[in-house]
Amino acid sequence: MIKIHIKEPEGEKTIPIPYFAVKSFLLKANEASGSSGEHKKSVNELIKVLRTYAKKNPRFVLIDIHDKEGTNVTISL
Amino acid sequence: MTIGQKLADMRRRAGLTQDYVSEHLGVTPQAVSKWENDVSCPDITLLPEIAKIYHTTVDELLSSEATKEVAVIDEKVRKDPSEMVLHIHVEEHGDKVKINLPLALVVLMLENDSMGSFSIGNIDLKKIDFKSILSMVHSGVIGKLVEIESANGGTVIIEVE
């Protein structure tokens, strides 16, 4: 599961996204760009690496964004 | 550097949140925040576990010296590169972006040539030679490997831990 956590001055919310949904999204994005079967393979590898890393490092923060308006967005495993 | 600053720095380098650390150690998130703000210190019995999850030693945690910016790690004590993390910190016009990429993911992105599409704001990361960075890491070099200040006031820092 990849989690997107959005914290704004008005409140906060977490959006959990299962790996299969991330995979599906990336595959569709690749299809839309007219990519080859090689890209499908790389998406599968990417998801595999993320899953493996998440098992060893639960809640690992991949991306942490703080903007000047006070919004904080984190994407974690 | 105070112990609190050091704890905060090491936690961020390990890519962990205060919530994760507090839950892992069985303390409150407020306790972790107090340690990092030098309001209080962690119990001595927690130090080995803190050192473990921050990928460091108790000696290093208690040292008053700042974490070395760059170090060459002996082959015998080197971590497996697949367990290492590449940190990219970008700061531009008051916005801060921190990206923690497991090295295994960087290798995959380089193999598939997808680092080329990586940009944050006006800062284009494809100009950074990630292959050379990986090569340095495989030679045992860790720490702050890249620090760039752009003409428009933005900064990019790349560290490997």
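Above this note sits the structure.
Fair warning: this is a prediction, and the values are worked out from it, not measured in the lab.

Undergrad: Help me out: how do you make sense of the overall build of chain A in this one?
TA: Broken down by element type, chain A carries two helices and four strands. Evaluated residue by residue, chain A yields a buried proportion of 29% over its 77 residues. Put simply, of all contacts in chain A between residues at least 6 apart along the chain, 39% involve residues at least 24 apart. Looking at chain A as shown, the accessible area adds up to about 5,000 Å², and 59% of this sits on carbon and sulfur atoms.

Undergrad: Would you take a moment to explain the nonpolar core for this structure?
TA: Generally speaking, a soluble globular protein has its nonpolar side chains buried in company with each other. In this structure, Leu77(A), Leu86(B), Ile88(B), Phe130(B), Ile133(B), Ile158(B) and Val160(B) are the most contacted members of the largest nonpolar core, which totals 40 residues. Those elements that place two or more of their residues in this core are helix H1 (19–32) and helix H2 (37–56) of chain A together with strand S2 (85–92), strand S3 (95–102), helix H6 (103–111), helix H7 (130–138), strand S6 (141–149) and strand S7 (155–160) of chain B. Ranked by size, the runner-up nonpolar core spans 17 residues in total, among them Ala14(B), Ala31(B), Leu46(B) and Ala51(B).

Undergrad: Is there a simple way to explain unusual backbone geometry in this structure?
TA: With the exception of glycine, the majority of residues adopt a negative phi angle, and the majority of peptide bonds are in the trans configuration. With a phi close to 70°, Arg59(A) is a non-glycine residue in the positive phi region. With respect to the helices, strands and loops of the structure, Arg59(A) is situated in the loop between H2 and strand S3 (61–66). Even without glycine at this site, His93(B) takes up a positive phi of about 50°. Along the chain, the position of His93(B) falls in the loop between S2 and S3. A residue is classified by how much of its surface remains accessible, and His93(B), at 48% relative accessible area, is partly exposed.

Undergrad: Explanation requested: the sheet that holds strand S1 (residues 70–72) of chain B in the structure shown.
TA: Remark on secondary structure: sheet strands pair via backbone hydrogen bonds, oriented parallel or antiparallel. Strand order in the open sheet made by the nine strands is S2(A)-S1(A)-S4(A)-S3(A)-S3(B)-S2(B)-S7(B)-S6(B)-S1(B), with antiparallel pairing throughout. Whereas interior strands pair on both sides, the edge strands pair on one side only; in this sheet they are strand S2 (11–17) of chain A together with S1 of chain B. Across this sheet, the average inter-strand angle for adjacent strands is 10°, counted without regard to direction. Its contacts with the sheet place H6(B) against S2 and S3 of chain B, and it is angled at close to 90° to S3(B). Here H7(B) sits on the sheet and contacts S2, S6 and S7 of chain B; the angle it forms with S6(B), its principal contact strand, is near 150°.

Undergrad: In this structure, what is going on with the pairing of strand S1 (residues 2–8) of chain A? I would like to understand it.
TA: Residue and element names in this part refer to chain A. By the bridge criterion, seven bridges tie S1 to S2 in an arrangement that is antiparallel. The residue bridging Glu8 from the neighbouring strand is Gly11, located in S2. In sequence, S1 turns back onto S2 through a hairpin of two residues.

Undergrad: Hey, could you run me through the interface of chain A and chain B in this one?
TA: Bring the parts together and some accessible area is lost; that lost area is often taken as the interface size. Each side of the interface is counted separately: chain A has 18 residues, and chain B has 23 residues. With both chains or domains summed, chain A and chain B bury close to 1,800 Å², and 58% of this area falls on carbon and sulfur atoms. Of all residues in chain A, Tyr53(A), Arg59(A) and Phe60(A) bury the most surface against chain B, accounting for 28% of the area lost on that side. At the junction of chain A and chain B, the tally comes to two salt bridges.

Undergrad: When you look at the packing of aromatic side chains in this model, what are you seeing that I'm missing?
TA: Geometry of an aromatic ring pair is reported as the spacing of the ring centres plus the angle between the planes. All names here are of chain A. What the rule picks out here adds up to one aromatic pair over all chains. Ring geometry for Tyr53 and Phe60: centres 5.0 Å apart, planes at 75°, overall edge-to-face. Judged by its relative accessible area of 8%, Tyr53 falls in the buried class. Since its relative accessible area comes to 1%, Phe60 is described here as buried.

Undergrad: Even after reading the chapter, I still don't get the environment of Ile63(A), so can you show me in this structure?
TA: Secondary-structure assignment places Ile63(A) in strand S3. Setting aside anything within four residues of it in sequence, one finds Ile63(A) in contact with Val73(A), Thr74(A), Ile75(A), Lys98(B) and Ile99(B).

Cut-offs applied
- Once a new chain begins, its residue numbering starts again from 1 and follows that chain's sequence as written.
- Throughout, the order in which chains and ligands are written sets their labels, letters from A for the former and numbers from 1 for the latter.
- Only residues with pLDDT of 70 or above have their local features reported here, since the model is predicted, and side-chain atom pairs are shown and tallied only from 80 upward, although totals for entire chains, interfaces and linings are computed over all residues.
- By convention in this description, side-chain values take in all heavy atoms of the structure and omit both hydrogens and water.
- Note on conventions: DSSP H or I runs of at least 4 residues are helices, E runs of at least 2 residues are strands, and numbering of each starts at the N terminus.
- In this scheme, a residue with accessible area under 20% of its type's maximum is buried, one over 50% is exposed, and one in between is partly exposed, where area comes from a 1.4 Å probe on protein chains only.
- Between two residues, a contact is recorded if the distance between any of their heavy atoms is within 4.5 Å.
- For accessible areas, the Shrake-Rupley method is used with a probe of radius 1.4 Å. Any residue's cover is judged against the shown protein chains and nothing else.
- The nonpolar core is taken to be a set of buried Ala, Val, Leu, Ile, Met, Phe, Trp, Tyr and Cys residues, with the residues joined through side-chain atoms within 4.5 Å.
- We call two strands paired when DSSP finds no fewer than two bridges between them.
- Note on definitions: angles span 0 to 180 degrees between N-to-C directions of axes, and those axes are lines fitted to C-alpha atoms, for helices only across the stretch in contact.
- Buried area: the sum, over both parts, of the accessible surface (1.4 Å probe) that disappears when the two are put together.
- Any carboxyl oxygen of Asp or Glu that lies within 4 Å of a side-chain nitrogen of Lys or Arg is treated as forming a salt bridge with it.
- Two rings from Phe, Tyr or Trp (for Trp, the six-membered ring) form a pair when their centres sit within 6.5 Å of each other. Planes less than 30 degrees apart are called stacked, planes more than 60 degrees apart edge-to-face, and all others tilted.

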